[in-house]
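Summary of the model geometry
Next come the chains, spelled out residue by residue.
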Amino acid sequence: MPVSLTKVYTDLLKQATKVGLGRSEHADNAPSRAACPRNMICKDRWTLVIPRRRAAINKQAGVNAIDMLGLIAASTRNEINNRV
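Residues numbered from 1 in each chain as written. Predicted model: local features only at pLDDT ≥ 70, side-chain atom pairs only at ≥ 80, totals over all residues. Heavy atoms only, no water.

Quick look at the overall build of the protein
Each helix and strand in the protein was counted, giving three helices and four strands. The order of α-helices and β-strands along the protein, N terminus first, is α-β-β-β-β-α-α. For the protein, the proportion of its 84 residues judged to be buried stands at 20%. Across the protein, contacts joining residues at least 24 apart in sequence account for 41% of those joining residues at least 6 apart. A total accessible area of about 6,700 Å² is found for the protein, and carbon and sulfur atoms account for 53% of it. (Helix = DSSP H or I, 4+ residues; strand = E, 2+ residues; numbered from the N terminus. Buried < 20%, exposed > 50% of the residue type's maximum accessible area, 1.4 Å probe, protein only. Contact = heavy atoms within 4.5 Å. Areas by Shrake-Rupley, 256 points an atom, 1.4 Å probe, with all protein chains shown as cover.)

Here's the deal with the environment of L21
Take L21: it is sitting in the loop between helix 1 (5–20) and strand 1 (38–42). Looking at L21, the relative accessible area reads 65%, which means it is exposed. Sequence-wise, L21 and P37 are 16 residues apart; in three dimensions their C-alpha atoms are separated by 9.5 Å.

Some remarks on a nonpolar patch on the surface
Judged by side-chain polarity, W46, L48, I66, L69 and L71 come together as a nonpolar surface patch covering roughly 450 Å² of accessible area. Counting through the fold element by element, L69 comes out in the loop between helix 2 (65–68) and helix 3 (77–81). When its relative accessible area of 48% is taken as the criterion, L69 is described as partly exposed. (Patch = residues over 30% accessible without salt bridge, like charges linked within 9 Å, V, L, I, M, F, W, Y side chains within 5 Å. Salt bridge = Lys/Arg side-chain N within 4 Å of Asp/Glu carboxyl O.)

Some points on the side chain of T17
Within the element layout of this structure, T17 appears in helix 1. Here the side chain of T17 touches C36 through a polar contact of 3.2 Å, landing on its backbone nitrogen. When residues no more than four places from it in sequence are discounted, the contact partners of T17 are A34, A35 and C36. (Polar contact = N/O pair within 3.5 Å; in protein donor to acceptor, adjacent residues only side chain to side chain.)

Considering the side chain of N39
Looking at the element boundaries, N39 is found in strand 1. In this structure N39 comes out as buried when scored by relative accessible area, which is 7%. Of note is the side chain of N39, whose polar atom sits 3.0 Å from the side chain of R52.

Shape is all these values report; function is a separate question.
The structure is reproduced here in structure tokens:
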């Protein structure tokens, strides 16, 4: 019997939360038992949940799952130039 995507995601989220516990930029303000900030990448044969420490680089360029795959998604040249 195939495992449902919801079950896989829930299990991965629990693991990511355990790894990322207290490491995010706003961890002190998070409600108790809150899941960690994260990105999710889902393919046909695998799923990846990545704990996040912050939502942006230099408080300008947002960071998301596509960036974690090594791709750049930006709407302006300024966003690209501000990536570190």
